[in-house]
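# Report on the structure
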2 protein chains.
Amino acid sequence: MLLGSIEAGGTKFVCAVGNNDYQIVDSEIIKTTTPDETLTKTINFFKKFKDLAALSIASFGPIEVRKQSSKFGYITDTPKEGWSNVNFLGTIKKSLDVPIYWTTDVNGSVYGEYINLAKHDVNLNSMVYYTIGTGVGAGIIINGQFVGDMGHPELGHIKLKRHPDDQNFAGICPYHGDCLEGLVAGPTFEARLNKKGKDVPLDNHVWDIMAYYVAQAALQATLAFRPSKLIFGGGVVSETFLNKVRAEFENLLNGYINIDNIDDYIAIPSIVDNGSATYGNFALADELLKKV
Amino acid sequence: MLLGSIEAGGTKFVCAVGNNDYQIVDSEIIKTTTPDETLTKTINFFKKFKDLAALSIASFGPIEVRKQSSKFGYITDTPKEGWSNVNFLGTIKKSLDVPIYWTTDVNGSVYGEYINLAKHDVNLNSMVYYTIGTGVGAGIIINGQFVGDMGHPELGHIKLKRHPDDQNFAGICPYHGDCLEGLVAGPTFEARLNKKGKDVPLDNHVWDIMAYYVAQAALQATLAFRPSKLIFGGGVVSETFLNKVRAEFENLLNGYINIDNIDDYIAIPSIVDNGSATYGNFALADELLKKV
């Protein structure tokens, strides 16, 4: 029996099949071009596996996750050209006759981290996973379940207290200007410094400004959800950067809530090589199979 | 059979017993003085009712809600003099031999509103209830359950984007200065204008500033939880004020998420006379009874 995973991003689709232990058996990376071409290639990858028993899709968005909606399974209004109002789940379902789970990319990631870490921590039943890359988003698990009743969370678009040395930067979010995504997503480096983030040394002051904002995101998630753990992934994040975030977070929190171990509480993903979403998808597909 | 409710506030305790329909049969308001005196009077009120079957306490805080903690049932580090490290639940339990539910004041309120509104809306299974009064706090229900794994939420202490006309106000939160509570709690009127809030007409610009901040709280709750409904209660809130909040909220959200009916989405409590917490307590006591 094989479990399938589609981690659908705006740049690439990571397709994989895995075994009962959620270990990858085969995988393929498909460039995100048109919906037609990309979804056809995706379907062809999975058709090779006669033993495919279930599949989970963790997609970029925004997507429709409300089961009662007629657009359930669609990518809705996305800035990604050609992909708005695309019936992603329906297209896959027509060609692959297995149970299919449908959720956001960040939900796939948070679920992978949750399942992986809960193996060694029986008390873990809540977690927030932020990705800070081209965009900013978060997946949230409370009491073992995803959060999001009227849709999925959009924690990338919260407002923040501005850093005193960053009052004049307008932010790059086309909807909100200086929301979290508008202030810390990867492309803000080009907007602020006219350089790629990877070319900006970690002692540049812009990283302190970024850390101040990301620490506010960590603070808000802490005060809103009181989760067991916050995980930060995505291209902008490194352990050195998270050290700055931890320091700002403790400064902002000012002892109001007791955090036992800050290095453990605010952490990079436990699954290496951006594998959290694939692992999460395997687990979600597996659980779907147990239900049907 | 009677159900008991303690809404324990920093100023007064509202004690009540209710019937199966969650209607109040008798009640008493007890001034919050010392823990000894207040809890003794509280116990004496409930001792009068031989038919008391279960009780729920919705308390001011911070409180310990983690069942595995040795301090479960305690008020922890509260600014309220004399009430830090008080074994509230344990003291009540010693004198009243019924099942007792223990939660925060705002959880009591959100539960009351949730149960009351769900009677007429089968799809309602998430809600955020903010109280804006002497302090600011929020109770949150997701998938029918309270949020808060490592403790209860503290949404009063998030950071916000400052209003351009309010850059120099330091805020009044002793822990965080200009967090939400520090910027919009009732006593900020004295701090900003040297007047009580009730004496500040609703066309004073300070209400626009307040609305800008409360709208950010609404925005954050929306993006974090995607709830069916946001309710705002507490002494600072009026329907006129909420109209300002709704306008600022729509401005900040900028159409990013579709909200069907803003007047229904952001609303004052459905239960009149500050009765949400008592109603919620009756429901929580009733459910506790069904479990034991």
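Nothing here was measured: the structure is a model prediction, and the numbers come from that model.

Time to look at the domain arrangement of chain A. Residues and elements named next belong to chain A. Along its sequence, chain A is carved into domain 1 (2–103 + 273–291) and domain 2 (108–267). Taken over C-alpha atoms, the centre of domain 1 sits 25 Å from the centre of domain 2. Taken together, the contacts link 16 residues of domain 1 with 16 residues of domain 2. Buried surface at the junction of domain 1 and domain 2, both sides included, amounts to about 1,200 Å², of which 60% is carbon and sulfur. Broken down residue by residue, the surface that domain 1 buries against domain 2 is led by Arg-66, Ser-276 and Tyr-279, which jointly contribute 38%. Counting across the domain 1 and domain 2 interface gives zero salt bridges. Here domain 1 is connected to domain 2 by four residue pairs in polar contact (both at pLDDT 80 or more). Those elements that provide at least two residues to the side of domain 1 that touches domain 2 are strand E5 (100–104) and helix H9 (276–291). Counting residues per element, the side of domain 1 that touches domain 2 draws most heavily on H9, which supplies seven residues. A class-by-class count of the residues in the side of domain 1 that touches domain 2 yields ten nonpolar, three polar and three charged.

This part takes up the interface of chain A and chain B. Taken together, the contact between chain A and chain B spans 39 residues of the former and 40 residues of the latter. Taken over both partners, the interface formed by chain A and chain B buries close to 3,500 Å², and the fraction arising from carbon and sulfur atoms is 55%. On the chain A side of the interface with chain B, the three residues burying the most area are A:Lys159, A:Arg226 and A:Tyr256, jointly 20% of the side's total. With a shortest N-O distance of 2.8 Å, B:Asp178 and A:Lys161 are connected by a salt bridge.

Residues and elements named next belong to chain A. Where helix H6 (residues 205–225) contacts helix H7 (residues 239–253), the axes come no closer than 8 Å and their chain directions differ by 55°. It follows from the interaxial angle that H6 and H7 lie oblique. The handedness of the crossing between H6 and H7 comes out as right-handed. Residues Trp-207, Asp-208, Met-210, Ala-211, Tyr-212, Val-214, Ala-215, Gln-216, Ala-218, Leu-219 and Thr-222 of H6 lie in contact with H7, whose contacting residues are Phe-241, Lys-244, Val-245, Glu-248, Phe-249, Leu-252 and Leu-253. By residue class, the composition of the contact of H6 with H7 is 13 nonpolar, two polar and three charged.

Note on the identical chains: chain A maps onto chain B by a rotation of 180° and an axial translation of 0.0 Å, with an RMSD of 0.0 Å. Viewed as a symmetry operation, the transformation between the two copies matches a two-fold axis. It is A:Lys161 whose C-alpha, among those of chain A, lies nearest the rotation axis, at 2.1 Å. The overlap is high: 100% of the interface residues of chain A also sit at the interface in chain B, so the same surface is used on both sides.

For the rest of this paragraph, the subject is unusual backbone geometry. Residue and element names in this part refer to chain A. Cis geometry is adopted by the peptide bond preceding Pro-62, which originates at Gly-61 and carries an omega value of 5°. Locating Pro-62 in the fold gives a position in the loop between strand E4 (52–59) and helix H2 (88–95). Although it is not a glycine, Asn-254 adopts a positive phi angle of roughly 55°. Among the structural elements, Asn-254 can be located in the loop between H7 and helix H8 (262–265). For Asn-254, a relative accessible area of 41% gives the class partly exposed. One non-glycine residue, Asp-273, adopts positive backbone phi at about 55°. Assignment of secondary structure puts Asp-273 in the loop between strand E10 (266–267) and H9. Exposure remark for Asp-273: the relative accessible area of 73% places this residue in the exposed category.

Our focus in this paragraph is the packing of aromatic side chains. Scanning all chains against the criterion turns up 31 aromatic pairs over all chains. Ring centres of A:Phe60 and A:Trp83 lie 5.6 Å apart, and the angle between their planes is 65°; this geometry places the pair in the edge-to-face category. Note that A:Phe60 is positioned in the loop between E4 and H2 and A:Trp83 in the loop between E4 and H2, a separation of 23 residues in sequence. Where B:Phe189 meets B:Trp207, the ring centres are 4.9 Å apart and the plane angle is 50°; that geometry is what we call tilted. Here B:Phe189 is found in helix H5 (residues 188–193), whereas its partner B:Trp207 is found in helix H6 (residues 205–225), with 18 residues between them in sequence. Considered together, B:Phe189 and B:Trp207 belong to a single accessibility category, that of buried residues. One aromatic cluster is present, formed by A:Phe13, A:Phe60, A:Trp83, A:Phe88 and A:Trp102 through successive ring pairs.

Residues and elements named next belong to chain A. Counting buried positions along E5 gives four out of five residues, so the element sits mostly inside the fold. Taken together, the five bridges between E4 and E5 define a ladder with parallel strand orientation. Along E5, the bridge assignment pairs Ile-57 with Trp-102. Crossover E4 to E5 through H2 is right-handed.

The rules we used
Residues numbered from 1 in each chain as written. Chains lettered and ligands numbered in written order. Predicted model: local features only at pLDDT ≥ 70, side-chain atom pairs only at ≥ 80, totals over all residues. Heavy atoms only, no water. Domains from an automatic or database assignment. Contact = heavy atoms within 4.5 Å. Buried area = accessible area lost by both parts, 1.4 Å probe. Salt bridge = Lys/Arg side-chain N within 4 Å of Asp/Glu carboxyl O. Polar contact = N/O pair within 3.5 Å; in protein donor to acceptor, adjacent residues only side chain to side chain. Helix = DSSP H or I, 4+ residues; strand = E, 2+ residues; numbered from the N terminus. Nonpolar A, V, L, I, M, F, W, Y, C, P; charged D, E, K, R; others polar. Axes fitted to C-alpha atoms, helices over the stretch in contact; angles between N-to-C directions. Parallel < 35°, antiparallel > 145°, perpendicular 65-115°, else oblique. Left-handed = near helix turned anticlockwise from the far one by under 90°. Least-squares fit on C-alpha atoms with pLDDT ≥ 70 in both. Buried < 20%, exposed > 50% of the residue type's maximum accessible area, 1.4 Å probe, protein only. Phe/Tyr/Trp six-rings, centres within 6.5 Å; stacked < 30°, edge-to-face > 60°. Pairing = 2+ DSSP bridges. Right-handed = clockwise from strand over helix to strand, strands pointing away.

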